Amino acid sequence: MIEIPVDRLSTEILTAVIEEFILREGTDYGAQEVDFASKVSQVMALLKAGEVIITFDPKTENCTLLTRQQ
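Remember, predicted model here, so these are calculated numbers, not experimental data.

Q: Quick one: what's the story with the sheet that holds strand β3 (residues 62-67), residue by residue and with numbers?
A: Spatially, the 3 strands line up as an open sheet ordered β1-β2-β3, and their pairing is antiparallel. Whereas interior strands pair on both sides, the edge strands pair on one side only; in this sheet they are β1 (2-4) and β3. For this sheet, the mean angle separating the axes of adjacent strands, direction not counted, is 40°. When strand β2 (residues 52-57) meets β3, the two strands line up antiparallel, connected through 6 bridges. Pairing of Thr-55 across the sheet is with Thr-64, part of β3. The sheet contacts of helix α1 (residues 11-25) involve β2 and β3, and relative to β3 the element is tilted by about 75°. Those strands touched by helix α2 (residues 36-48) are β2 and β3, and its axis lies near 90° from that of β2.

Right under this line is the structure:
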């Protein structure tokens, strides 16, 4: 896995990676429904704070988001 620095991606690409991740993760079954735009904003904030990172797997050619602990 290769870590992709957030500041190396354009706003459009970063947003697309976040949106794809949210859609791939499925439906939110929490007590409160959160709209899609809010989810994107929450993930963006976590990335900018360094709590979540973007990784790229050269074998599968897939990007994913992981918490720093993962």
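Having seen the model, we can carry on.
Q: Please give an account of the nonpolar core that cites residues and values.
A: Leu-14, Val-17, Ile-18, Phe-21, Ile-22, Val-40, Val-43, Met-44, Leu-47, Val-52, Ile-54 and Leu-65 together form the largest nonpolar core, which totals 12 residues. For this core, the element with the highest residue contribution is α1, accounting for 5 residues. Val-52 has contacts with Leu-46, Leu-47, Leu-65, Leu-66 and Thr-67, leaving out every residue within four places of it along the chain.

Q: Before we move on, can you summarise α1 with the specific residues and values?
A: Over its 15 residues, α1 runs 21 Å from end to end, which matches the ideal 21 Å to within 8%, given 1.5 Å per residue. For α1, the full list of buried residues reads Leu-14, Val-17, Ile-18, Phe-21 and Ile-22. Around the axis of α1, the buried residues are gathered within 130° of arc, so they sit on the same side. The exposed residues of α1 that point more than 90 degrees off its buried face are Glu-12 and Leu-23. The inward-facing, buried residues of α1 contact α2, β2 and β3.

Q: Residues and numbers for the pattern of salt bridges, please.
A: Scanning all chains against the criterion turns up 2 salt bridges. Residue Arg-68 is joined to Glu-3 by a salt bridge in which the shortest nitrogen-to-oxygen separation is 3.6 Å. Within this pair, whereas Arg-68 is found in the segment after β3, its partner Glu-3 is found in strand β1, the two being separated by 65 residues in sequence. On the basis of relative accessibility, which here comes to 42%, the residue Glu-3 falls in the partly exposed class. Where Arg-24 meets Glu-20, a salt bridge forms, and the shortest distance between an N and an O atom there is 2.8 Å. On the criterion of helical spacing, the pair formed by Arg-24 and Glu-20 is a turn pair, its members being 4 residues apart in helix α1. Overall, the relative accessible area of 40% leaves Glu-20 in the partly exposed class.

Rules used throughout
- Residues numbered from 1 in each chain as written.
- Predicted model: local features only at pLDDT ≥ 70, side-chain atom pairs only at ≥ 80, totals over all residues.
- Heavy atoms only, no water.
- Pairing = 2+ DSSP bridges.
- Helix = DSSP H or I, 4+ residues; strand = E, 2+ residues; numbered from the N terminus.
- Axes fitted to C-alpha atoms, helices over the stretch in contact; angles between N-to-C directions.
- Contact = heavy atoms within 4.5 Å.
- Core = buried A, V, L, I, M, F, W, Y, C linked by side-chain atoms within 4.5 Å.
- Buried < 20%, exposed > 50% of the residue type's maximum accessible area, 1.4 Å probe, protein only.
- Expected span 1.5 Å × (residues − 1).
- Arc of directions from axis to C-beta.
- Salt bridge = Lys/Arg side-chain N within 4 Å of Asp/Glu carboxyl O.

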